[in-house]
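As a plain string of letters, each chain reads:
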Amino acid sequence: MDARGHLDEPDEHLDPRIAAEYDAAVADRCGPDAVDPVVAVLAELAGEGVAVEFAIGTGRIALPLAASGVEVIGLDVSGPMLAELRRKDGAERIEVTVGDMTATRLCSDASLVYLVFNTITNLRSQRQQVACFQNAAGHLRSGGRFVIETGVPKLRRLPPGETIVPFDVSAQHLGFDEYVDLVEQISISHHYFVDGDRVRVVAGAFRYVWPSELDLMAQLAGMTLESRWSDWHRSPFTGDSESHVSVWRKP
């Protein structure tokens, strides 16, 4: 399938089979070592206010954040992903809505809106990403914050003439990013999940985005950059960082 074919495909997480297997596919991000630092930062930023999760998915972050005492509400475009969340212990603490993070409004007085695990790139156009920032700002009270966790595009790792960069190579999973459109900033993420003698293949299109471009989107939505770290432990963000956690504040 070419790039246009991938772009025309619906979000893979709308598939009930993908939703049912999602937690197993990201098991390395579900343990305390991965989740606890995220929850600690988000709980501090939320304070006594409401936290809104865009693309809440199966509740990997929302459930422990709610368990810590933060009031959490969330939305996701995928009904099957929310169905997986609703089956879990503690789901009754969280109000969830099937909706589009570029347009669906849940409240206007949140202290925190957050979007983790590269999910801003699920929005496949700059227009949609700008709309996401505007929607986040609309959810926030004065002084509220919008947090995004996402990767830094790995274009500088590409040898001349090449388009593919591996991002995970293990006995259970092979992952490759294919940079197919440098103008529109489109990549295809290829996944090969290995289970004995069986291999499940999944691929999806994403729009990669640079930190400086996200800052401009925030500015257009009336927010300013407050902090940027390379991880949830608040390590300094440098030119060598492969990901970032960015915090923008609404005046």
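Here the residue index of a chain counts from 1 through its sequence in written order. Local features in this predicted model are restricted to residues of pLDDT 70 or higher, and side-chain atom pairs are both shown and tallied only at a pLDDT of 80 or more, whereas totals for entire chains, interfaces and linings draw on every residue. Excluding hydrogens and water, the side-chain values take into account all heavy atoms of the structure.

A. How the structure looks around the sheet that holds strand S8 (residues 186–195). Pairs of strands are assigned from DSSP output, requiring at least two bridges between the strands. In DSSP terms, a helix is any run of H or I states spanning at least four residues, a strand is any run of E spanning at least two, and both are numbered starting from the N terminus. A sheet is described by the order of its strands in space; here four strands give the open sequence S6-S7-S8-S9, paired in antiparallel fashion. Unpaired on one side and paired on the other, strand S6 (164–169) and strand S9 (198–207) mark the two borders of the sheet. Put simply, the sheet's adjacent strands are angled 20° from each other on average, direction ignored. Sheet analysis places strand S7 (residues 173–181) next to S8, joined by eight bridges and oriented antiparallel. Inter-axis angles, ranging from 0 to 180 degrees, are taken between N-to-C directions of lines fitted to C-alpha atoms, where helices are fitted over the stretch in contact.

B. Representation of the sheet that holds strand S11 (residues 243–249). Reading across the sheet, the seven strands line up as S3-S2-S1-S4-S5-S11-S10 and stay open at both edges, with mixed pairing between neighbours. Of all the strands in the sheet, just strand S3 (95–98) and strand S10 (224–229) have a single pairing partner and so form its edges. Across this sheet, the average inter-strand angle for adjacent strands is 20°, counted without regard to direction. Across three bridges, strand S1 (residues 50–54) lies against strand S4 (residues 110–115) in parallel orientation. Opposite Val52, over in S4, you have Val113 as the bridge partner. Packed on one face of the sheet, helix H3 (residues 32–46) meets S1, S4, strand S5 (140–151), S10 and S11 and runs near 150° to S4. Helix-sheet contacts for helix H5 (residues 79–86) involve strand S2 (71–76) and S3, and the interaxial angle to S3 is about 160°. Whether two residues are in contact is decided by their heavy atoms: any pair within 4.5 Å suffices.

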